[in-house]
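Observations on the model geometry
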Amino acid sequence: MTSSTKGAAAGAAAQPTQALEFGGVAGNALRNLLHLLFKRLYLVLSVFAFCILAAIAYMLLATPTYRAVALIEVFRDSSDQPTATSSDQRPVVAIDNEFYETQYGLLRSQATARAVVRKLRLKDNKDFFPDAGTKVTSASELAAQEIALTEKLQKNLQIVPGRQSRLVEIRYLDPNAKLAASISNAVTDSYIQANFDRRVQRSEYARSFLTKRIDDLRLRLEEQERRLIEYAANAQIVSLPSSRSTDKGEGATQTAGQSLAGSELQALSDELAKARADHAAAAGRLQALRAAGGKSSPEIFSNNAVNGLQQQRALVSSEIARMSVLFDDDYPPLASKRAELQQIDNQLNGLSSQILRGVQTEAEGAAARERSLEARVDELKSQLIGVTRSSVGYNILQREVDTSRIQYDSLLQRLKQLSVENDIGASNVAIIQRADPPLKPFAPNKQQILVIGILLGLALMCVAAIAAELLDTSIASPESVKTRFTDPLIGILPPAKIDDTVGLLTDPKAALTEAYVSMVANLRFSTTEGAPRTISVTSSKPSEGKSTTSIALATLFARQNERVLLIDADLRKPSLHKKLELPNKAGFANLLTGDKDIDRLLTNLDRVPGLQVLTSGPMPPNPAELVSGGKLVELMNELGQQFDRVIVDCPPVLGLADAPLLARSTEGTVFVVAAGSTRFGEASRAMERIRSTGAHIVGIALSKFAPRTSRFDEYGYGSYSYYTYKSSEND
């Protein structure tokens, strides 16, 4: 397989993969949006209901509006059509667009609207102008009133050109159907009348201008012709007609000025050329005769007399030759033939000399004629130079006359055409359909408004849900804990359905049990030495699940064969004795005030072997003073040596000084955050207060997390049967 084939195969394989990836991203986004809408269900339903109610209210309260439509056709005048000789060389389409855009502007113009206002007397129509009948006296008030009426008419007027056609719709919207039709038709009539008035005005102006221009040109043409004639007379220039074929070869003639000297020079030039040719021919013949010695020249052979003598000489020569064979030289007949031959030769020589003298005479005559013609041509050339100098001015004047005559004829033709157009008086606008009063209102369109309300409601639902989510700083998911805090997430805790935490933990397969088992396992890996011996559990504010978490941790550590002590250190609003149904006559407060009998204050929890509980005891007047002393640290060290694990249920951090001091006295602190309730700022400030005392936060527990009502269910927290394993693997 070649590299190009491999590349094509790889590209073909990559396309489905990219499509799947895009589909996955789009699917995740859609799922997230649906989860977000479900999470903010009351908000989005309120927004949607508001949009629907607003649409219904608009439909019920809006005033019905009628739309009347008139249809016209607008086309260009023949006089406005571009031609090949037009100075505007733009494309025809561009010129047409410019023309029609101008017509649309005229239809929408203030002048057209003002003409309609005046024609229909709309200032007196209460349907159009509620203040009709109010007396207005000053000119400025009348002008302002007319401007207001004009602007109102323009606001409700719509000019809609047809696509790829010359048709134009003139629409007008008004609560009164008859008035809408009247105004639409009045706009049509006013536009046509204004267009006709402009044409007439333009025609009158053009006629006046052309008439004045023609009179000026006629006077100028007469003056130019007079000057041309005077110049020709002074320069003695006489023009002769001469015929010349046109470029198309049609045999048509045109007159061109040609002077007498020029005509004679032309004729003599032709004769001179012929004389030179005759002289050259005669000289050539003479030279040929002289070179041939007057005997073998073609000039001699072409002579009939010479040809006859040559034939006779040939016959005599043949007789002499025949007789010389038979007879002696002194034979009388033979001598007679030789005398005859000599006589013929003498005649031939005489003819040759005569021909030579004739050719020589002819050559001399041709040379003399040539010299005579050359002298005459030179003389005429001198005369023609003077004539040419004079004809320069003549030609200039002639061109001026020709130009003025062309302009004059063109303006006369345009004036005749303009007169014909005025006589016809045709308009370039045709009314195709006049507006009739509409039977049904155009607006409000109830179906359209309802659809818009639904679409707007759906869009605002999404916007409201996304905006609420962006503005919501509460910690809603494990991902938000991981991204916003540097401390590890050691537990993801579902909400407890009942208040009996110990009872819920009896089922090892329950979601709550698996969540806390996973949290205990994470605590054992929180430090290099395992889980801290003394652990404080606190939160930023009340009702975040810290007491439930304390009971669950103590219960699970005790089930792992550890001696566990659970302390209710909330001296302001204790709750452990209520949750565990224990007496609270004495407890942690007694130890802080100096009571040394720890065993007397402890209570065994029968349902959980190995777990003892130290309730809060009587509430002191100032709990912060009790926990701020040195006895707290000594007490925690003593309890840590006596038990395998000590779990301290602390009060909330914000607004109180107890929790940071209690956290400092333990080896590690578990910070509980309620999903969807605790704000990031609250949790961050509470954790900073804990750290400011030197306490160590081993991790964060996310309580009351219900993935089925959260948009983060796609992360795998929705299946409680695998809840622990998901959490352990992630942490």
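Let us look at the structure shown here. (Residues numbered from 1 in each chain as written. Predicted model: local features only at pLDDT ≥ 70, side-chain atom pairs only at ≥ 80, totals over all residues. Heavy atoms only, no water.)

**Description of the overall build of the chain**
What the chain contains, in helices and strands, is 23 helices and twelve strands. Residues classed as buried in the chain amount to 38% of the 731 residues present. As displayed, the chain has an accessible area near 41600 Å², and 55% of this comes from carbon and sulfur atoms. (Helix = DSSP H or I, 4+ residues; strand = E, 2+ residues; numbered from the N terminus. Buried < 20%, exposed > 50% of the residue type's maximum accessible area, 1.4 Å probe, protein only. Areas by Shrake-Rupley, 256 points an atom, 1.4 Å probe, with all protein chains shown as cover.)

**So, the sheet that holds strand 3 (residues 167–174)**
Ordered by their spatial adjacency, four strands build an open sheet running 2-3-1-4, and the pairing between neighbours is antiparallel. Two strands close off the open sheet at either side, each with one partner strand: strand 2 (157–161) and strand 4 (429–433). Direction aside, the axes of adjacent strands within the sheet are offset by 30° on average. Pairing analysis gives eight bridges linking strand 1 (residues 66–74) to strand 3, with the strands arranged antiparallel. Counterpart to Val69 in the pairing with strand 3 is Arg171. Of the strands in this sheet, strand 1, strand 2, strand 3 and strand 4 touch helix 6 (residues 177–235), which is tilted by about 20° from strand 1. (Pairing = 2+ DSSP bridges. Axes fitted to C-alpha atoms, helices over the stretch in contact; angles between N-to-C directions. Contact = heavy atoms within 4.5 Å.)

**Section: a nonpolar patch on the surface**
On the surface, Leu53, Ile56, Leu60, Leu61, Leu450, Val451, Ile454, Leu455 and Leu458 cluster together into a nonpolar patch covering about 860 Å² of accessible area. Contributing elements (two or more residues each) for the nonpolar patch: helix 2 (41–61) and helix 11 (446–471). Counting residues per element, the nonpolar patch draws most heavily on helix 11, which supplies five residues. Along the polypeptide, Leu455 turns up in helix 11. Accessibility expressed as a relative area gives 54% for Leu455, which makes it exposed. (Patch = residues over 30% accessible without salt bridge, like charges linked within 9 Å, V, L, I, M, F, W, Y side chains within 5 Å. Salt bridge = Lys/Arg side-chain N within 4 Å of Asp/Glu carboxyl O.)

**Details of the packing of aromatic side chains**
Taken as a whole and judged by the stated rule, the model has two aromatic pairs. A ring pair is formed by Phe485 and Phe680, whose centres lie 5.3 Å apart and whose planes are at 50°; its orientation type is tilted. Pair noted here: Phe485 is in the loop between helix 12 (478–484) and strand 5 (489–492) and Phe680 is in helix 22 (residues 680–692), with a separation of 195 residues, a long-range link. What makes Phe485 buried here is its relative accessible area of 10%. Sitting over the face of the ring of Phe128, Lys152 holds its NZ or CZ atom 4.6 Å from the ring centroid. (Phe/Tyr/Trp six-rings, centres within 6.5 Å; stacked < 30°, edge-to-face > 60°. Lys NZ or Arg CZ within 6 Å of the ring centre and 35° of its normal.)

**Focus on the environment of Ala54**
Of note, Ala54 is situated in helix 2. The spatial distance from the C-alpha of Ala54 to the C-alpha of Gly457 is 10.0 Å, given a sequence separation of 403 residues.

**A look at the environment of Glu634**
Note that Glu634 resides in helix 20 (residues 631–642). With relative accessibility at 56%, the residue Glu634 sits in the exposed group. Taking the C-alpha atoms as reference points, Glu634 and Ser665, separated by 31 residues in sequence, lie 8.7 Å from one another.

**Brief notes about the pattern of salt bridges**
Evaluation of the coordinates by the stated rule reveals 21 salt bridges. Its salt-bridge partner being Glu73, residue Arg166 comes within 3.0 Å of it at the nearest N-O pair. One end of the pair, Arg166, is in the loop between strand 2 and strand 3; the other, Glu73, is in strand 1, with 93 residues separating them in the sequence. One salt-bridge network, held together by shared partners, links Arg114, Arg118 and Glu146.

**Considering the sheet that holds strand 8 (residues 603–604)**
Strands sit in the order 5-12-11-6-10-7-9-8 across an open sheet of eight strands; the sheet is mixed. Either end of the sheet is taken by a strand with one partner, and the two such strands are strand 5 and strand 8. Both strand 7 (residues 564–568) and strand 9 (residues 611–614) contribute to a ladder of four bridges, which runs parallel. For Ile567, the partnering residue across the bridge sits in strand 9 and is Leu614. In this fold helix 14 (residues 511–524) packs onto strand 5, strand 6 (534–539), strand 10 (645–649), strand 11 (668–674) and strand 12 (697–703), with an angle of close to 170° to the strand it touches most, strand 5.

**Remarks on the packing of helix 14 against helix 15 (residues 546–559)**
Where helix 14 meets helix 15, the axes come as close as 10 Å, and the angle between the chain directions of the two elements is 75°. One way to sum up the angle between helix 14 and helix 15 is to call them roughly perpendicular. In this structure, helix 14 contributes Tyr516, Val517, Met519, Val520, Leu523 and Arg524 to the contact, and helix 15 contributes Thr548, Thr549, Ala552, Leu553, Leu556 and Phe557. (Parallel < 35°, antiparallel > 145°, perpendicular 65-115°, else oblique.)

**Overview of helix 5 (residues 139–156)**
Helix length check: helix 5 (18 residues) gives 26 Å between terminal C-alpha atoms against 26 Å at 1.5 Å per residue, within 8%. Those residues of helix 5 that fall on the buried side of the exposure criterion are Gln145, Leu149, Thr150 and Leu153. Each buried residue of helix 5 lies within a common arc of 135° when the element is viewed along its axis, so the set occupies one face. Seen from the open side of helix 5, the exposed residues pointing more than 90 degrees away from its buried face are Ser140 and Lys155. (Expected span 1.5 Å × (residues − 1). Arc of directions from axis to C-beta.)

**Here we look at the pairing of strand 3**
Counting buried positions along strand 3 gives six out of eight residues, so the element sits mostly inside the fold. Pairing of strand 2 with strand 3, which is carried by five bridges, proceeds in the antiparallel orientation. Opposite Leu157, over in strand 3, you have Tyr172 as the bridge partner. Hairpin connection, strand 2 to strand 3: the antiparallel pair is bridged by five residues, and Gln164 has positive phi, about 55°.

**What about the environment of Asp436?**
You can see Asp436 is positioned in the loop between strand 4 and helix 11. Between the C-alpha atoms of Asp436 and Ala70, which are 366 residues apart in sequence, the distance is 8.0 Å. Ignoring sequence-local partners within four residues, the contact set of Asp436 consists of Ala68 and Ala181.

**So, the packing of helix 4 (residues 110–120) against helix 5**
The N-to-C vectors of helix 4 and helix 5 enclose an angle of 110°; their axes lie 9 Å apart at closest approach. Between helix 4 and helix 5, the angle is such that the two are roughly perpendicular. The element helix 4 and its partner helix 5 pack so that their crossing is right-handed. Contacts between helix 4 and helix 5 involve Gln110, Ala113, Arg114, Val116, Val117 and Arg118 from the first element and Glu146, Leu149, Thr150, Leu153 and Gln154 from the second. In terms of residue class, the contact of helix 4 with helix 5 is made up of five nonpolar, three polar and three charged. (Left-handed = near helix turned anticlockwise from the far one by under 90°. Nonpolar A, V, L, I, M, F, W, Y, C, P; charged D, E, K, R; others polar.)

**Notes on the nonpolar core**
Grouped together as the largest cluster of nonpolar side chains are 44 residues, with contacts concentrated most on Ile567, Phe588 and Phe671. In this view, Ile567 contacts Leu576, Phe588, Leu614, Met636, Leu639, Val646, Ile647, Val648 and Asp649; residues no more than four positions away in its chain are not counted. Counting residues in each nonpolar core, the second largest holds 34 residues, with Leu512, Ala531, Ala558 and Ala701 among its members. (Core = buried A, V, L, I, M, F, W, Y, C linked by side-chain atoms within 4.5 Å.)

**Quick word on unusual backbone geometry**
The step from Ala443 to Pro444 runs through a cis peptide bond, and the omega angle for that step is 5°. Within the element layout of this structure, Pro444 appears in the loop between strand 4 and helix 11. The backbone of Ser543 sits at a positive phi, close to 60°, despite the residue not being glycine. Mapped onto the elements, Ser543 comes out in the loop between strand 6 and helix 15.

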